[in-house]
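Residue-level structural notes
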Amino acid sequence: ESGSAEQGVYTVGIDTSYPPFEFQVGGEYQGIDVELIKAIAESQGFEIQFRPMDFVGIIPALEEGTIDLAIAGMSITDERKEILDFSEPYFDAGLTLVTSQDNSEIETLEDLDGKIIAVKSGTTGSKFAGENREKYGYRVAYFEDSPSMFLELANGHADAFIEDYPVIAYAISKRDLELKTVGERLNDEKYGIAVLKGQNDELLGQINEGLQLLRDDGTYDEIVNKYIKNQG
Ligand code: GLN
C-alpha cells in the first residue's frame, strides 16, 4: 500500500520540461502525459497532484515514496523493471542522435570521434552514450534537463546530443530550432507509467484499465493528435 496516497490523492512525478509530454503554460501543466494521466485518474476515480522534477530524481522519488507514480516520457527497460512496475506501453519513442542543421560532419555514430555529446542525466540516452563512449571515442557532457542540453548544442559547446525521437521532432516542428536528427533511431523504446515494484498492483491495474478505456473510446488518439500531427 503506497503511503502518500492518503485521501485518495496520488502524487505524480513528471519531468520538469519535456514537451510534448509535459510542460507548463502560464503555470498550468500541459502535454500528452499530463492529459493522459488526468483522464486515467478521472476514469478510475482517483485524484492526482503533479510534482515536476529533474528526470534523474524520479526513480529515487518513487523509491522514497515522495511520489506514487511517474509519467515522464519514461522508457520501459529491463534494468528499471528490477525496481519498478510499468503499465502497458503507451507510446513508441526511441532514441535519436541530434546535431545542428548546418553540421555536415556527423552522419553516423562513427563520426563522433573526439566530439562532445550532451545527454540528460538518468535517461536511457545518457546510458546509451556512456555505454558506447569508448567504442566511438566521444566525450559525454551531462545536463539536468532537456532545455539545458539543447542550449549546449546551440551555444556550440556540444557537437551533438541524444534525445527521444518524438521530443526532438516536436521541438523542431514547433520552435523552428535549427536542429536535425541523424540516421535511424538508435532503438525502439516505449514509454510506460511507472510505480514502485511489487507494492502497487491495485493502482497499476487501475492505470492499465484507464489506459485501455482511453484507447477504446478515442480519447487517447484525441490527446496525442492535439500535440502531434501525423504520428508515425
Ligand atoms: N525516455 C527517456 C528515458 O526514459 C528519457 C525520458 C526523459 O527525458 N523524460 O530515460
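You'll find the structure just up there.
The rules behind the values
Residues numbered from 1 in each chain as written. Predicted model: local features only at pLDDT ≥ 70, side-chain atom pairs only at ≥ 80, totals over all residues. Heavy atoms only, no water. Salt bridge = Lys/Arg side-chain N within 4 Å of Asp/Glu carboxyl O. Helix = DSSP H or I, 4+ residues; strand = E, 2+ residues; numbered from the N terminus. Buried < 20%, exposed > 50% of the residue type's maximum accessible area, 1.4 Å probe, protein only. 1 Å grid on protein atoms, 1.4 Å probe; cavity = no way out; pocket = protein on both sides within 12 Å on 5 of 7 lines; lining within 4 Å. Points joined across faces, edges and corners; volume = space filled by probe spheres on them. Nonpolar A, V, L, I, M, F, W, Y, C, P; charged D, E, K, R; others polar. Near = heavy atom within 4 Å. Polar contact = N/O pair within 3.5 Å; in protein donor to acceptor, adjacent residues only side chain to side chain. Areas by Shrake-Rupley, 256 points an atom, 1.4 Å probe, with all protein chains shown as cover. Core = buried A, V, L, I, M, F, W, Y, C linked by side-chain atoms within 4.5 Å. Contact = heavy atoms within 4.5 Å.

**Observations concerning the pattern of salt bridges**
- One pass over the full model with this rule turns up 8 salt bridges.
- Among the ionic pairs, Lys127 bridges to Glu79, the shortest N-O distance being 3.3 Å. On the criterion of sequence distance, the pair formed by Lys127 in helix H4 (residues 124-136) and Glu79 in helix H3 (residues 78-81) is long-range, its members being 48 residues apart.
- Owing to a relative accessible area of 39%, Lys127 belongs among the partly exposed residues under this scheme.
- The partly exposed category is assigned to Glu79, whose relative accessible area is 47%.
- Two residues, Lys127 and Glu131, come together in a salt bridge whose shortest N-O distance is 3.0 Å. A residue pair is termed a helical-turn pair when its members lie 3 or 4 positions apart in one helix, as Lys127 and Glu131 do in helix H4 at 4 residues.
- Judged by its relative accessible area of 54%, Glu131 is exposed.
- Connected through shared salt-bridge partners, Glu79, Lys127 and Glu131 make up one network.

**Side note on the layout of surface pockets**
- Its volume calculated, the second largest pocket comes out at about 220 Å³.
- Lining of the second largest pocket is provided by 14 residues; of these, Thr77, Glu79, Arg80, Thr124 and Lys127 occupy positions nearest its centre.
- Among the elements of the structure, H3 and H4 are those that each provide at least two residues to the lining of the second largest pocket.
- If one sorts the elements of the lining of the second largest pocket by residue count, H4 sits on top with 4 residues.
- Among the residues making up the lining of the second largest pocket, the classes are represented as 4 nonpolar, 5 polar and 5 charged.

**A closer look at the site of the ligand**
- Taken together, 13 residues sit near the ligand, with Asp15, Gly73, Arg80, Lys120 and Asp164 positioned nearest.
- Ala72 is positioned with one of its backbone polar atoms (N or O) 2.8 Å from a nitrogen atom of the ligand.
- The contact in question runs from a nitrogen atom of the ligand to an N or O atom on the backbone of Gly73, over 2.7 Å.
- In the complex, the protein chains occlude 99% of the 300 Å² of accessible area that the ligand would expose alone.

**Focus: the nonpolar core**
- Of all hydrophobic cores here, the largest spans 48 residues; its most connected members are Leu69, Tyr90 and Phe161.
- Of all the secondary-structure elements, those providing two or more residues to this core are strand E1 (9-15), helix H1 (32-44), strand E9 (116-120), strand E10 (139-143), helix H5 (146-154), helix H6 (165-175), helix H7 (201-216) and helix H8 (219-227).
- When residues of this core are assigned to their parent elements, the largest contribution, 7 residues, is made by H1.
- The residues contacting Tyr90, other than those within four sequence positions of it, are Asp33, Leu36, Ile71, Ala72, Gly73, Tyr191, Gly192, Ile193, Leu211, Arg215 and Tyr220.

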